[in-house]
Every structure is written in structure tokens, then in C-alpha cells.
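Structural characterization, general
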Amino acid sequence: MNKKKSILLGDYTHPKFHPLQGVDAQISHILNDVISVQCSENKNLLLEEHLKPFDLCICYFDLWDEKVSPQQTAGLLSYVSQGGGLLVIHNGLSIGNRRYELAQLAGGRFNGHPPYQPLSFRVSAEDQVTKGIEPFELDEEPYQIDFDPFGQRTVLLEYELEGTWHPAAWKHSYGMGRVAFLMPGHHEPTFLHPQIRRLILQAAQWAAHLPG
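We now turn to the structure provided with this report. (Residues numbered from 1 in each chain as written. Predicted model: local features only at pLDDT ≥ 70, side-chain atom pairs only at ≥ 80, totals over all residues. Heavy atoms only, no water.)

1. Side note on unusual backbone geometry
Definition in use: Here a helix means four or more residues in a row that DSSP labels H or I, a strand means two or more in a row labelled E, and each is numbered from the N terminus.
For Glu 162, which is not a glycine, the phi torsion comes out positive at approximately 55°. Here Glu 162 shows up in the loop between strand E9 (154-161) and strand E10 (164-174). The backbone of His 209 shows a phi angle near 60°, a positive value even though the residue is not glycine. Tracing the chain through its elements places His 209 in the segment after helix H5 (194-207).

2. A few points about the side chain of His 193
What counts here: As used in this structure description, the phrase polar contact means that two N or O atoms lie within 3.5 Å; if the pair is within protein, one of them must be able to donate a hydrogen and the other to accept it, and residues adjacent in sequence are counted only when both atoms belong to side chains. Contacts were defined at the residue level, with two residues in contact if any of their heavy atoms lie within 4.5 Å.
Along the polypeptide, His 193 turns up in the loop between strand E11 (177-182) and H5. Only 3.1 Å separates the side chain of His 193 from the backbone nitrogen of Gln 195, close enough to count as a polar contact. In contact with His 193, other than residues within four places in its own chain, are Phe 136, Glu 137 and Leu 138.

3. Here we look at the environment of Gln 26
Rules: For every residue, the accessible area obtained with a 1.4 Å probe (protein chains only) is divided by the maximum for its type, and the residue is called buried under 20%, exposed over 50%, and partly exposed between those limits.
Here Gln 26 is to be found in helix H1 (residues 23-31). Exposure remark for Gln 26: the relative accessible area of 13% places this residue in the buried category. Sequence separation of Gln 26 and Gln 128 is 102 residues, and the distance between their C-alpha atoms is 21 Å. Leave out the neighbours within four places in its chain, and Gln 26 touches Glu 188, Phe 191, Leu 192 and Arg 197. Within the structure, the side chain of Gln 26 is placed 3.1 Å from the side chain of Glu 188, a separation counted as a polar contact.

4. Concerning the environment of Glu 101
Position of Glu 101 relative to the elements: it lies in helix H4 (residues 100-106). Classification of Glu 101 by relative accessible area gives partly exposed; the value is 34%. Distance in space between the C-alpha atoms of Glu 101 and Ala 74 is 8.9 Å, their sequence separation being 27 residues. Ignoring any residue separated from it by four or fewer positions in sequence, one finds Glu 101 in contact with Thr 73 and Leu 77.

5. Some details on the packing of aromatic side chains
The test is simple: Classification of ring pairs uses Phe, Tyr and Trp, with its six-membered ring standing for Trp, and accepts pairs whose centres are within 6.5 Å; under 30 degrees between planes counts as stacked, over 60 as edge-to-face, and the remaining range as tilted. Here, over-ring charges are defined by two tests on the NZ atom of lysine or the CZ atom of arginine: distance to the ring centre within 6 Å, and angle to the ring normal within 35 degrees.
Throughout the structure, instances matching the rule amount to 7 aromatic pairs. Members of the aromatic cluster, each reached through a chain of ring pairs, are Trp 64, Phe 110 and Tyr 143. For Lys 5, the ring lying beneath its charged end belongs to Phe 54, and the centroid distance is 5.7 Å.

6. Description of H1
The condition is simple: Picture the helix axis, draw a direction to every C-beta atom, and the arc is the one those directions span.
The complete set of buried residues in H1 reads Val 23, Asp 24, Gln 26, Ile 27, Ile 30 and Leu 31. One face of H1 carries all of its buried residues, which in axial projection span an arc of 165°.

7. Observations regarding the nonpolar core
Formally: Nonpolar cores are built from buried Ala, Val, Leu, Ile, Met, Phe, Trp, Tyr and Cys residues. Side-chain atoms within 4.5 Å join them into one set.
In terms of nonpolar packing, the biggest core is built from 67 residues, with Leu 76, Leu 86, Leu 87, Phe 121 and Ile 200 touching the most fellow members. The greatest single-element share of this core, amounting to 7 residues, is contributed by H5. Those residues in contact with Ile 200 that sit more than four places away from it in its chain are Ile 30, Leu 31, Leu 87, Ile 89, Leu 182 and Phe 191.

Nothing here speaks to function; it is geometry throughout.
Dropping the structure here:
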């Protein structure tokens, strides 16, 4: 049986806030036993012909002020709708701030965040992605999210901010494909947390149609 393959896309050369260096090694180590990880900062890998060989696309791009072309947008939409998996981690949600079609695909868009700070996390839905996840504490950027009003999603994880619980992870189907978003992931130390490592592994398995 051939091992499943994933492509991890992020920024090495000119990251706005979140370099892929270090994070790439952590994600590769987390997923190594179930899916191989190839890393790149080339946005043209979003074109459908380049995504097609992969079972999973992991998005860690910092696209806060960069364009995503119509061809790249169409490539990612087509890839997922035809059965590909998409795992969006932290700043990868910036794809939804570049084009509304990609906000629909991701399930929401970034709307700012208060300062990096200690946060409490809890599971809000028990399923393959959150199996075995216990409540945990983590220093993170508390992303504020605007949900796509037309989409349906399962919120998997929440974080507490000033007495209110906010979405920190979700999943949904898109055509024949699967999409998961994980808010934690500001920098390499986040990826060393055992609960985050388990969440990434199980989210990747779900999105890539692998048994968990």
C-alpha cells in the first residue's frame, strides 16, 4: 500500500508574521507515520495539476497582503471539491481574506486578534479529530473569526477569552473533499504541545480520508 502524501505550503523567504522554518519540521514529524510531508512556499502549487498528486494540502501561508490568482483559487477549490483534503492551520486562514471563494472553502475568515496570551481550550464536539483531547492551556493568539454565513460546520474546539468561549477549530465537507481548521499555531512552541500534536495528526487523518 502506497503511503499517503501531503503538501505543506507556507512562507520561508518573506513571511509576514509566521515563518514556516521550524514549523515544517514539527508538522513533518507529527505526520510522518501516516502521511509524507513535502514543504514549499510556491503558491503555484495551488494550481490543480500540481495539487492532484497529493491526498492532503496543509495551508500555513501568510497571505495578509498578497494576491491569490484566479487560477490558484480555482485550483484549490477544484482539488478539494473533487475529494482532496485541506488542513488550514492558524495564519493559513489568511487565504480567506484574499478571496471570498476561499473564505467559503475554509469556512470563515480572520477578523483580528487581541494580544498573544495564555488561553484555556476545551473540546466542543467529540469525533475523530478530537478523540482523546483533554482540556488544556496554551499561550496563543486568540483569533476572532467571521464564519461564512452560507456554510455548515462542526465546531470542534473552543477557547475562552474574557468569560466567553470562541471557536478554535472546526471541520466541514466541501463537495467530495474535507476541510479542517485549527486556530493554534502561532509559532514552533505551539507545535510541541502534546494536545496540539494529537489534534494535527487526527485532523490530517480525517481530512485525508484516513482511518483514525
